[in-house]
Amino acid sequence: MTDGGADLVVETGGPDTIEQSMRASSLYGRIALLITASAAKSGMEISHAAYAAGLATIRRVFVGSRTRFESMNRAVTTHGLRPVIDRVLPFEEAHEAYRGYAEDAPFGKVVIRVAP
């Protein structure tokens, strides 16, 4: 589907799906690793075949607990917090939105609208 692999893979299954992520990434792709253990496996293991197939970089990303996420959402709701939005672009202009975000240093969020 990606014609050469994905540039960025978000790995949410940890040891259960890390090999799939390795195979799904492009030659110099990046893998954002969210989970390092599962109910079935206590650590990460990558076979030589999956490891040798590419040169992906794996980076561990810490996301916090569900309890803290829910607490943050309650605080946002309670205090009526809203993000500052710099501009909203249609999905068809997604490439321009990313380019503009990198080049223009917007004051707020750049939103890509995916539905009318």
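See the structure above.
A few points on the structure.

Cut-offs and rules
Residues numbered from 1 in each chain as written. Predicted model: local features only at pLDDT ≥ 70, side-chain atom pairs only at ≥ 80, totals over all residues. Heavy atoms only, no water. Phe/Tyr/Trp six-rings, centres within 6.5 Å; stacked < 30°, edge-to-face > 60°. Lys NZ or Arg CZ within 6 Å of the ring centre and 35° of its normal. Salt bridge = Lys/Arg side-chain N within 4 Å of Asp/Glu carboxyl O. Helix = DSSP H or I, 4+ residues; strand = E, 2+ residues; numbered from the N terminus. Buried < 20%, exposed > 50% of the residue type's maximum accessible area, 1.4 Å probe, protein only. Pairing = 2+ DSSP bridges. Axes fitted to C-alpha atoms, helices over the stretch in contact; angles between N-to-C directions. Expected span 1.5 Å × (residues − 1). Core = buried A, V, L, I, M, F, W, Y, C linked by side-chain atoms within 4.5 Å. Contact = heavy atoms within 4.5 Å. Right-handed = clockwise from strand over helix to strand, strands pointing away.

## Notes on the packing of aromatic side chains
- Across all of its chains, the model carries zero aromatic pairs by this definition.
- Over the ring of Phe 62 we find Arg 60, and its NZ or CZ is 4.5 Å from the ring centre.

## Remarks on the pattern of salt bridges
- Applying the stated criterion across every chain, the model contains four salt bridges.
- For Glu 70, the salt bridge is made with Arg 66, and the minimal N-O distance between the two is 2.8 Å. Of the two residues, Glu 70 and Arg 66 are both situated in helix α3 (residues 66-79); the distance of four residues between them amounts to about one turn of the helix.
- On the basis of relative accessible area, Glu 70 is assigned to the partly exposed category, the value being 32%.
- Between Arg 87 and Asp 86 there is a salt bridge; the shortest N-O distance is 2.8 Å.

## Quick look at the sheet that holds strand β2 (residues 25-33)
- Here three strands make up an open sheet; going across it, the order is β1-β2-β3 and the pairing parallel. Looking along the sheet, the strands with just one partner apiece sit at the ends: β1 (6-11) and β3 (57-60). Between one strand axis and the next, the sheet turns through 15 degrees on average, direction left out of account.

## Points about α3
- In this model α3 runs 20 Å from its N-terminal to its C-terminal C-alpha over 14 residues, within 8% of the 20 Å that 1.5 Å per residue would give.
- Buried residues are scarce in α3, accounting for zero of its 14 residues.
- Count one or two residues on from α3 and you reach Gly 80, which has phi positive near 60 degrees.

## Side note on the nonpolar core
- Ala 6, Val 9, Ile 18, Met 22, Ile 31, Leu 33, Ala 50 and Ala 56 form the largest nonpolar core, which has eight residues in total.
- When contributions to this core are tallied by element, the ones reaching two or more residues are β1, α1 (18-24) and β2.
- Other than its neighbours up to four places away in sequence, Ile 18 contacts Glu 11, Ile 31, Leu 33, Met 44, Glu 45, Ile 46 and Ile 58.

## Some words on the environment of Ala 105
- Along the chain, the position of Ala 105 falls in the loop between α4 (94-104) and β5 (109-113).
- Residue classification places Ala 105 among the exposed residues on the basis of a relative accessible area of 63%.
- Along the chain, Ala 105 and Leu 89 lie 16 residues apart, while their C-alpha atoms are 16 Å from each other.

## Structural notes on the pairing of β1
- Where β1 and β2 come together, five bridges link them in parallel fashion. Its bridge partner lying in β2, Ala 6 is registered against Ser 25.
- Read from β1 through α1 to β2, the crossover connection turns out right-handed.

## Section: the pairing of strand β4 (residues 85-90)
- In this sheet, β5 lies alongside β4 in parallel orientation, the contact comprising five bridges. Bridge pairing in β5 links Ile 85 to Lys 109.
- Viewed along the sheet, the connection from β4 through α4 into β5 turns out right-handed.

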